[in-house]
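Here is what each chain is made of, one letter per residue.
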Amino acid sequence: MERGIETDWRLPADGDMARVADELRHHLSVVEGA
């Protein structure tokens, strides 16, 4: 939030390992791009 990043940081509760890994990669790309 300090860096102006406003996104939903929750991980999917019903996702498999691949889905959770994809979400974590997405979070990292958002933070690295900010």
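Residues numbered from 1 in each chain as written. Predicted model: local features only at pLDDT ≥ 70, side-chain atom pairs only at ≥ 80, totals over all residues. Heavy atoms only, no water.

Q: It is not clear to me how the overall build of the protein chain should be interpreted in this structure. Could you clarify?
A: The helix and strand inventory of the protein chain stands at one helix and zero strands. In the protein chain, which comprises 34 residues, the proportion classed as buried is 12%. With the model as given, the accessible surface of the protein chain reaches about 3,000 Å², and the carbon-plus-sulfur share is 55%. (Helix = DSSP H or I, 4+ residues; strand = E, 2+ residues; numbered from the N terminus. Buried < 20%, exposed > 50% of the residue type's maximum accessible area, 1.4 Å probe, protein only. Areas by Shrake-Rupley, 256 points an atom, 1.4 Å probe, with all protein chains shown as cover.)

Q: What is the right way to look at the pattern of salt bridges in this model?
A: Oppositely charged side chains are able to pair whenever their charged atoms sit close together. Per the counting criterion, the structure on display carries two salt bridges. Between E23 and R19 there is a salt bridge, with its nearest N and O atoms 3.0 Å apart. One end of the pair is E23 and the other is R19, both in helix α1 (residues 17–33) and four residues apart, which spans about a single turn. (Salt bridge = Lys/Arg side-chain N within 4 Å of Asp/Glu carboxyl O.)

Q: I keep staring at the environment of E23 and nothing clicks. Help me out?
A: Of the residues examined, E23 reaches a relative accessible area of 13% and is grouped as buried. Looking at E23, its side chain comes within polar contact range of the side chain of R19, at 3.0 Å. (Polar contact = N/O pair within 3.5 Å; in protein donor to acceptor, adjacent residues only side chain to side chain.)

Bear in mind that shape data such as this cannot, by itself, settle questions of function.
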